[in-house]
There are 2 protein chains.
Amino acid sequence: MGTAMNKATAAVKGERVAVICGVPFDIDNCPVRDVMDNIGGKWNSLMILSLADGPLRFSQLRRLIPDISQRMLTQTLRDLQRDGYLNRTVYPTQPPSVEYSLTDLGHSFLPVLKVFVDWSLENHDAIRKARTAFDAPA
Amino acid sequence: MGTAMNKATAAVKGERVAVICGVPFDIDNCPVRDVMDNIGGKWNSLMILSLADGPLRFSQLRRLIPDISQRMLTQTLRDLQRDGYLNRTVYPTQPPSVEYSLTDLGHSFLPVLKVFVDWSLENHDAIRKARTAFDAPA
DNA sequence: CTGCATCCCCGCCGATACTG
DNA sequence: CAGTATCGGCGGGGATGCAG
């Protein structure tokens, strides 16, 4: 869900806005899309949920989410920190330990995520059924 | 956010589950991830919102969301139909017209989306500020 | 322990052209 | 009007190895 755009179209169009449900959507700088980019990644929402109950260190997160690679763990954490969801605190021990915790912004997002999680759990079966029905040979 | 996995790792691992916030997350078949895949695409959520007020035809959607290509419009609509969010009704006129509308599942998702949209609008500035602060040269 | 660098595959998405 | 087909770029994300 990138906001990327080549220069040609960028030069032609100017601030196209779609008004949907009374909400103006700036196609080129859409808040919804922007947030979706942040938490739509493979591990991002899981990461925020993991820190809901308190700070965790890198290796703790690694153990909590068994299937993530170091690479993606590092990258996901950096992305979320960059967008203000996470704090990163380095303790100069030997060897060093790094603790991650939710910011106020991160905490404020938890209820949103909860609504999403609840709906997903409740409707996942229906979705899977719809999918297999659709894929069934006509 | 694909649930894809090569056979080697699939054979090795068996039903790893991470318990986060009291909710068990089946890493390999995670409802949250599955739903996120559905509506995390570039146009998907916008499409659902567009149909919130009532059914629309293909060309109407095209006009409503000016920057989408035919290809992505078709594909997005098919994906959402496949997962049960949308109905697709063909009227055998000349030339044919096709109408898209939300299913019950699609309607039930609107409140979830609204929570998400509201939060995004409210916190977009904070996120952008966090981002530029993070990107600022140390 | 925490992280970065590299290689590489694959799927999203755009642009363009063509069909009933 | 409502699609389908094809090509191609770009980025997400996994595997592996190295570093402080």
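Residues numbered from 1 in each chain as written. Chains lettered and ligands numbered in written order. Predicted model: local features only at pLDDT ≥ 70, side-chain atom pairs only at ≥ 80, totals over all residues. Heavy atoms only, no water.

Once that is clear, we can look at the overall build of chain A. Across its full length, chain A holds six helices and five strands. Helices and strands appear in chain A in the N-to-C order α-β-β-α-α-β-α-α-β-β-α. Taken across its 138 residues, chain A has 41% of its residues classed as buried. Across chain A, every contact between residues at least 6 apart in sequence was considered, and the portion connecting residues at least 24 apart equals 42%. Here chain A displays about 7300 Å² of accessible surface, and carbon together with sulfur accounts for 53% of that area. (Helix = DSSP H or I, 4+ residues; strand = E, 2+ residues; numbered from the N terminus. Buried < 20%, exposed > 50% of the residue type's maximum accessible area, 1.4 Å probe, protein only. Contact = heavy atoms within 4.5 Å. Areas by Shrake-Rupley, 256 points an atom, 1.4 Å probe, with all protein chains shown as cover.)

Time to look at the pattern of salt bridges. Scanning the entire structure with this criterion turns up eight salt bridges over all chains. Of the charged contacts, one joins R131 of chain B and D83 of chain A as a salt bridge, the two residues approaching to 3.3 Å between their closest N and O atoms. Here D83 of chain A lies in the loop between helix 5 (70-82) and strand 4 (86-91) and R131 of chain B lies in helix 6 (residues 104-135), a pairing that spans two chains. There is no split in this pair, since R131 of chain B and D83 of chain A are both buried. Ionic pairing is found between R131 of chain A and D34 of chain B, a salt bridge with its closest N-O pair at 3.0 Å. Taken as a pair, R131 of chain A in helix 6 (residues 104-135) and D34 of chain B in helix 2 (residues 31-39) lie in two separate chains rather than in one. Judged by its relative accessible area of 15%, R131 of chain A falls in the buried class. Owing to a relative accessible area of 11%, D34 of chain B belongs among the buried residues under this scheme. (Salt bridge = Lys/Arg side-chain N within 4 Å of Asp/Glu carboxyl O.)

On to the sheet that holds strand 4 (residues 86-91) of chain B, then. Spatially, 3-5-4 (chain B) is the arrangement adopted by the three strands of the open sheet, whose pairing is antiparallel. Edge positions in the sheet fall to strand 3 (56-57) and strand 4 of chain B, since each of these pairs with one other strand and no more. (Pairing = 2+ DSSP bridges.)

Contacts to DNA strand C come from 22 residues, most closely from S59, R88 and Y100 of chain A together with R71 and M72 of chain B. Within 4 Å of the protein, the contacting atoms of DNA strand C are 68% sugar and phosphate, with bases supplying the remainder. Here a base nitrogen of DNA strand C sits 3.5 Å away from a polar atom, N or O, in the side chain of Q70 of chain B. At the level of secondary structure, the elements contributing two or more residues to the surface near DNA strand C comprise helix 4 (58-64), helix 5 and strand 5 (97-102) of chain A together with helix 5 (70-82) of chain B. Counting residues per element, the surface near DNA strand C draws most heavily on helix 5 of chain A, at four residues. (Near = heavy atom within 4 Å. Polar contact = N/O pair within 3.5 Å; in protein donor to acceptor, adjacent residues only side chain to side chain.)

Turning our attention to the UniProt feature "domain: HTH hxlR-type" (unreviewed entry) in chain A. As annotated by UniProt and renumbered to match this structure, "domain: HTH hxlR-type" (unreviewed entry) occupies residues 30-128 of chain A. The distance separating the terminal C-alpha atoms of residues 30-128 of chain A is 30 Å; by composition the span is 62% helix and 14% strand. (UniProt positions renumbered as here; feature names shortened; annotations may be inferred.)

In the region of DNA strand D, 20 residues are neighbours, and K42 and M72 of chain A together with S59, R88 and Y100 of chain B sit closest. The sugar-phosphate backbone supplies 64% of the atoms of DNA strand D found within 4 Å of the protein. At a separation of 3.1 Å, a phosphate oxygen of DNA strand D approaches a polar backbone atom of V98 of chain B. Elements with a minimum of two residues in the surface near DNA strand D: helix 5 of chain A together with helix 4 (58-64), helix 5 and strand 5 (97-102) of chain B. In terms of residue class, the surface near DNA strand D is made up of eight nonpolar, seven polar and five charged. (Nonpolar A, V, L, I, M, F, W, Y, C, P; charged D, E, K, R; others polar.)

All right, on to the interface of chain B and chain A then. With 60 residues of chain B at the contact, the number on the chain A side is 61 residues. Each partner contributes to the roughly 5700 Å² buried at the junction of chain B and chain A, and carbon and sulfur atoms together form 70% of this total. Looking at the side of chain B facing chain A, the largest losses of area belong to R82, F116 and W119 of chain B, adding up to 13% of the total buried there. The tally of links between chain B and chain A comes to six salt bridges. Remark: the boundary between chain B and chain A carries 14 residue pairs in polar contact (both at pLDDT 80 or more). Secondary-structure elements contributing two or more residues to the side of chain B that touches chain A are strand 1 (17-20), strand 2 (23-26), helix 2, helix 3 (44-50), helix 5 and helix 6 of chain B. No other element matches the 19 residues that helix 6 of chain B contributes to the side of chain B that touches chain A. Its residues placed into classes, the side of chain B that touches chain A shows 33 nonpolar, 13 polar and 14 charged. (Buried area = accessible area lost by both parts, 1.4 Å probe.)

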